[in-house]
Amino acid sequence: MISADHGTTLRYRFAGRRGFLQATTLAAVAGGLIPAAQAGLNQRPRSAILFFLAGGPSHIDTFDMKPDQTEEVRGPFRPCETTLPGLLLPELLPQHHALAKDLAIVRSITHNLGVHDDATHWVQTGYPLLNARQRGQQNPSQGAVVSKLQGPRQRGMPAYVCVPEDYRTHMGFYLGSSFLQGRHLALNSGGDPTLGNYRLPEFALPKDVSLPRLDDRRNLLRSLDRLAAHNEATAAFRDSDDALEQAVELSTGSRVRQAFDVAQETAQTREMYGAHAYGHGALLARRLIEAGTSLVVINLYEKEVDWWDDHSTIEKNLRARLPHYDRAFCALVNDLRLRGLLDNTLVASFGEFGRGPRIDKLAGRGHWPLAMSAVLTGGGLRTGQIVGSTTADGGQPKDRPLGPGDLLASIYQTIGIDPRATVPDLQGRPIPILPTGEPIRELF
């Protein structure tokens, strides 16, 4: 039992371990050691689904329209009223018009890295990095951090999944685990069935490996691990053993295979999401979250369709892309709500930067890190609001400038991870998961 005066003195008595923890937490809050807004972190871990719009979507043509500007600034699309007062959206996002009252639109995210690789490293890890393509990923992505600090919400499920993949071998998307190593890499889901290249991840054991033989291999590796317990290879052995345990769980369990089997969904549900890459990705993400995955990143990359790097023919590109994205995003949010999952599942969408304020001679917009928008809903956030604004041409924040660290801090806090937490590097040194950034106060 715990009681507190209105002053600073606490009167309490402990009722076992739980009472002690409650009392010490309350005392820390009262004494200012723990901000009251963060005292409840980790009490009920949440999950998240992130649409990463790789290439950099145009904020001016989507969530930060400028209808009073000249045509070269405002773009080709007709702005429409929505259920969120003050938010105009293009006619190509009709389902967002009705959903708008349930969204939080952050319009004032800004940074100064205009190269895809460098900017992506920043928004995925929280760490800015010049010449990222040459230097490689230096810090773990948000997915790897979630895997390390929270893990899956259900045993037998992967903590972190990328749909269709993290492109670690040929694209600088920086969704990897860096010094957290292989255990915390994403499980890649595979391609899109509508493109003819989809197959389920390989969960089955090789044909020549029976369960008894697998058990023998595990016992051998444990023996080797004990032999290495006091030498420099301990960390590597531990990581490989963790990876083996994870592989065994995925190979011998049925929960994960069932979660990936989208064919179990009704035709009506599949139609609601849409027969395209975004629809498949969003539906698969919902199934994974429902089964116990903590974080899913929908990370589509089809150069002619889903890559948002619209240097030319931006009108044509967005007319092809936005309806699919609109349908999938809104179907996901509505489906999560109907299933009672939305309050405990954050859904967010953003790229690595915005696009230039003016349409150029190639009928496109260039890279523009000085201003970008992010869309968030679910996860217990305060929605139905617009946070921040940009100047008349959308070129930079007018008020409430925020950085990538603030966005990631908000995601971590929503999931249940303290943004000030650390993870150990290969030498065991504590490395902050974010070097800068605070949760966006308007969202909480």
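Since we're looking at a predicted model, the values are computed, not measured.

Student: Can you walk me through the nonpolar core in this structure?
Tutor: Ranked by internal contacts, the top residues of the largest apolar core, which has 51 residues, are Phe51, Tyr325 and Phe329. For this core, the secondary-structure elements that each account for two or more residues are strand S3 (47-52), strand S7 (160-163), helix H9 (255-260), helix H11 (277-291), strand S9 (295-298) and helix H12 (314-338). At 11 residues, H12 tops the list of elements feeding residues into this core. What Tyr325 contacts, discounting residues up to four positions off in sequence, is Phe51, Leu53, Leu93, His96, Tyr278, Trp308 and Ser349.

Student: Any chance you could explain the environment of Thr390 here in plain terms?
Tutor: By secondary structure assignment, the location of Thr390 is in strand S15 (residues 389-390). As a C-alpha pair, Thr390 and Pro401 span 11 residues in sequence and 8.9 Å in three-dimensional space. Setting aside its immediate chain neighbours within four residues, Thr390 contacts Asp64, Lys66, Arg107, Ala371, Gln396, Pro397 and Lys398. A distance of 2.6 Å separates a polar atom in the side chain of Thr390 from a polar atom in the side chain of Asp64.

Student: Looking at this model, I keep getting lost on the confidence of the model for the protein chain. Mind explaining?
Tutor: For residues with low pLDDT, the predicted coordinates do not support detailed interpretation. When pLDDT is averaged along the protein chain, the result is 84, and 74% of the positions lie at 70 or above. Across residues 1-40, confidence stays below pLDDT 50; counting only partners more than four residues off in sequence or on other chains, it has 36 contacts.

Student: I would appreciate a short explanation of the sheet that holds S9 in the present structure.
Tutor: By way of backbone hydrogen bonds, the strands of a sheet pair with one another, either parallel or antiparallel. The strand order across the open sheet formed by eight strands is S8-S7-S9-S3-S10-S13-S6-S14, and the pairing between neighbours is mixed. Edge strands, defined here as strands with exactly one partner in the open sheet, are strand S8 (187-188) and strand S14 (385-387). With six bridges connecting them, S3 and strand S10 (residues 345-350) associate as parallel partners. The residue bridging Ser47 from the neighbouring strand is Thr345, located in S10. On top of the sheet, H12 reaches S3, S10 and strand S13 (372-378); it is set at about 165 degrees to S10, its chief contact. Set on the sheet, helix H13 (residues 404-415) makes contact with S3, strand S6 (104-109), S9, S10 and S13; between it and S10 the angle comes to about 165 degrees.

Student: For this particular structure, what's the right way to read the packing of aromatic side chains?
Tutor: Given two aromatic rings, one states the distance between the centres and the angle between the planes to describe the pair. Evaluated as defined, the whole model comprises nine aromatic pairs. Ring geometry for Phe173 against Trp307: centres 6.2 Å apart, planes inclined by 10 degrees, an arrangement best described as stacked. Taken together, the residues Phe173 in the loop between S7 and S8 and Trp307 in the loop between S9 and H12 connect sequence positions 134 residues apart. For the residue pair Phe173 and Trp307, the accessibility class agrees, reading buried in each case. Relative to Tyr325, the ring of Tyr278 lies with its centre 5.8 Å away and its plane at 75 degrees, an arrangement referred to as edge-to-face. Taken together, the residues span a long stretch of sequence, with Tyr278 in helix H11 and Tyr325 in helix H12 at a distance of 47 residues. By the burial criterion, Tyr278 is buried, and Tyr325 matches it. Each residue in the set Phe51, Tyr278, Trp308, Tyr325 and Phe329 is aromatic and connected to the rest through ring pairs, giving one cluster. Across from the ring centre of Trp308, 4.6 Å away, lies the NZ or CZ of Arg321, which sits over that ring.

Student: Sorry if this is basic, but what is going on with the side chain of Glu265 here?
Tutor: Along the chain, Glu265 turns up in the loop between H9 and helix H10 (267-273). Once residues lying within four places of it in the same chain are set aside, the contact partners of Glu265 are Arg270, Leu283, Arg286, Arg287 and Arg339.

Student: Could you clarify how one ought to interpret helix H6 (residues 142-149) in this entry?
Tutor: At 3.6 residues per turn, the α-helix brings residues three or four places apart onto the same side. With six of eight residues buried, H6 is to be regarded as a mostly interior element. Inspection of H6 places Gln142, Gly143, Ala144, Val145, Val146 and Ser147 among the buried residues, and these make up the whole buried set. Along its buried surface, H6 packs onto S3, helix H4 (116-125), S7, S9, S10 and H13.

Student: Teacher, can you tell me more about the side chain of Asp117 here?
Tutor: You can see Asp117 is positioned in helix H4. Apart from the residues within four sequence positions on either side, Asp117 is in contact with Ala132, Arg133, Gly172 and Tyr174.

Student: Is there a simple way to think about the packing of H11 against H12 in this case?
Tutor: Each packed pair of helices is defined by two parameters, the angle between the axes and the distance between the axes. At their nearest, the axes of H11 and H12 sit 8 Å apart, and the two run at 20 degrees to each other. The orientation of H11 relative to H12 falls into the category roughly parallel. Like other packed secondary-structure pairs, H11 and H12 cross with a definite hand, here right-handed. Packed against H11, whose contacting residues are Tyr278, Gly279, Ala282 and Arg286, the element H12 presents Arg321, His324, Tyr325, Ala328, Leu332, Asp335 and Leu336 at the interface. Among the residues forming the contact of H11 with H12, the class breakdown is six nonpolar, two polar and three charged.

Student: Can you walk me through H13 in this structure?
Tutor: For H13, which comprises 12 residues, the first-to-last C-alpha distance of 17 Å matches the rise-based estimate of 16 Å (1.5 Å per residue) to within 8%. By the criterion of burial, H13 is predominantly enclosed, with 12 of the 12 residues buried. Within H13 the residues assigned to the buried category are Pro404, Gly405, Asp406, Leu407, Leu408, Ala409, Ser410, Ile411, Tyr412, Gln413, Thr414 and Ile415. Of the residues one or two after H13, Gly416 is the one with positive phi, at around 115 degrees.

About the cut-offs
Residues numbered from 1 in each chain as written. Predicted model: local features only at pLDDT ≥ 70, side-chain atom pairs only at ≥ 80, totals over all residues. Heavy atoms only, no water. Core = buried A, V, L, I, M, F, W, Y, C linked by side-chain atoms within 4.5 Å. Buried < 20%, exposed > 50% of the residue type's maximum accessible area, 1.4 Å probe, protein only. Helix = DSSP H or I, 4+ residues; strand = E, 2+ residues; numbered from the N terminus. Contact = heavy atoms within 4.5 Å. Polar contact = N/O pair within 3.5 Å; in protein donor to acceptor, adjacent residues only side chain to side chain. pLDDT = per-residue confidence, 0-100. Pairing = 2+ DSSP bridges. Axes fitted to C-alpha atoms, helices over the stretch in contact; angles between N-to-C directions. Phe/Tyr/Trp six-rings, centres within 6.5 Å; stacked < 30°, edge-to-face > 60°. Lys NZ or Arg CZ within 6 Å of the ring centre and 35° of its normal. Parallel < 35°, antiparallel > 145°, perpendicular 65-115°, else oblique. Left-handed = near helix turned anticlockwise from the far one by under 90°. Nonpolar A, V, L, I, M, F, W, Y, C, P; charged D, E, K, R; others polar. Expected span 1.5 Å × (residues − 1).

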